[in-house]
Amino acid sequence: MVDASAQLLGLLDMESLEVDLFRGHDLPDPGSRRIFGGLVVAQALMAAYETVEDRSRVCHSLHAYFLRGGDPEQPVIYQVDRSRDGGSFSTRRVVAIQHGAQIFHLSASFHIAEEGWEHQHAMPALPGPEEWTDRRELRSEDAARIKDPRVLDYLRDRAIEVREVEPRDIFEPEPVSDRNAVWFRIPAAKGQDIRMQQCLLAYASDMGLLGAALRPHGLSWFQGKVMSASLDHAMWFHSDVRAEDWQLYAMDSPFAGGARSFNRGSIYDRSGRLVASAAQEGLMRPLRKKS
């Protein structure tokens, strides 16, 4: 049986169809109604990387829009436009297509290594991953309370090990601060080059980011009160990362309104170095009960 880490690496091994045209796949999952957004971001970034011939150029930022929910039963076609190759920067635009329609856009910029001034905000002072329960254990305890097909997706083996800082009750959450954090690591990243490391980190960056906006309102996806989806996603890579080691993902949501929420995340390695930042706007629409 193939483990989750090997499966994730396989999903990021893009199939070349033609010049600048690639195909990506998802894993069949009866509990999933759409493709995980982080996978589409990661596959699009990998497709863009396949067209950056100068391997000294590394992604420093990406900006993406989710246009339609991806069908997990069908492959995604990624068309890359080589927008520009300059003296020190390269830019790529990627369009993801399913069923003849665009489902996703991504623009990414790649930069050679240069010296410059440095500063960063300090990592939040939080207990390390050893102080928190593995998410798999928490989900096993919750599973008996889930009465619909989502339990299949909720319990499937994951390629990312996660330990939530102060986890909430997913069925009856109390209103709390929008600020939250998780420790995570991706075993599949061990031995991978910077390109794969970044794609794996991009995959993980979509994990739980929208949830920050639900916290102040005492909401969770299991209550049937809110419709949510990622609308866009931006990410900045600040430093090299070894994603097989523990990373702290500190998240917050400065604003929600108009059926949308704004969410931010900072990813630090265990030493406290800021390796990446993320931002995302999401749909946060109240669900009204049918009369």
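Quick caveat: nothing in here was measured; it's all calculated off a predicted structure.

Parameters at a glance
- Residues numbered from 1 in each chain as written.
- Predicted model: local features only at pLDDT ≥ 70, side-chain atom pairs only at ≥ 80, totals over all residues.
- Heavy atoms only, no water.
- Pairing = 2+ DSSP bridges.
- Helix = DSSP H or I, 4+ residues; strand = E, 2+ residues; numbered from the N terminus.
- Expected span 1.5 Å × (residues − 1).
- Buried < 20%, exposed > 50% of the residue type's maximum accessible area, 1.4 Å probe, protein only.
- Phe/Tyr/Trp six-rings, centres within 6.5 Å; stacked < 30°, edge-to-face > 60°.
- Lys NZ or Arg CZ within 6 Å of the ring centre and 35° of its normal.

Asker: Can you tell me about the pairing of strand S12 (residues 260-269), naming the residues and giving the values?
Answerer: Bridging between strand S11 (residues 247-257) and S12 involves nine bridges; their strand directions are antiparallel. Across the sheet, the residue bridging to Met-251 is Gly-265, located in S12. With nine bridges connecting them, S12 and strand S13 (residues 274-286) associate as antiparallel partners. Note that in S13 the partner of Gly-265 across the bridge is Ala-278. Between S12 and S13, which pair antiparallel in sequence order, lie four residues; one of them, Gly-272, sits at a positive phi of approximately 100 degrees.

Asker: An account of helix H2 (residues 37-49) is requested, with residue identities and associated values reported.
Answerer: Look at H2: 18 Å from first C-alpha to last across 13 residues, which is about the 18 Å you get at 1.5 Å a residue. Among the 13 residues in H2, 13 count as buried, and that is most of the element.

Asker: Give me the packing of aromatic side chains: which residues, what numbers.
Answerer: Counted by the stated rule, this structure contains four aromatic pairs. On the numbers, 4.9 Å between centres and 65 degrees between planes, the contact of Tyr-49 with Phe-110 is edge-to-face. Of this pair, Tyr-49 sits in helix H2 while Phe-110 sits in strand S6 (residues 101-111), placing them 61 residues apart in sequence. Each member of the pair, Tyr-49 as well as Phe-110, carries the same accessibility label: buried. When the centroid spacing of 6.3 Å and the interplanar angle of 65 degrees are considered together, the rings of Phe-184 and Tyr-249 count as edge-to-face. Taken together, the residues span a long stretch of sequence, with Phe-184 in strand S8 (residues 180-185) and Tyr-249 in strand S11 at a distance of 65 residues. Of the residues examined, Tyr-249 reaches a relative accessible area of 0% and is grouped as buried. For Arg-270, the ring lying beneath its charged end belongs to Trp-183, and the centroid distance is 5.6 Å.

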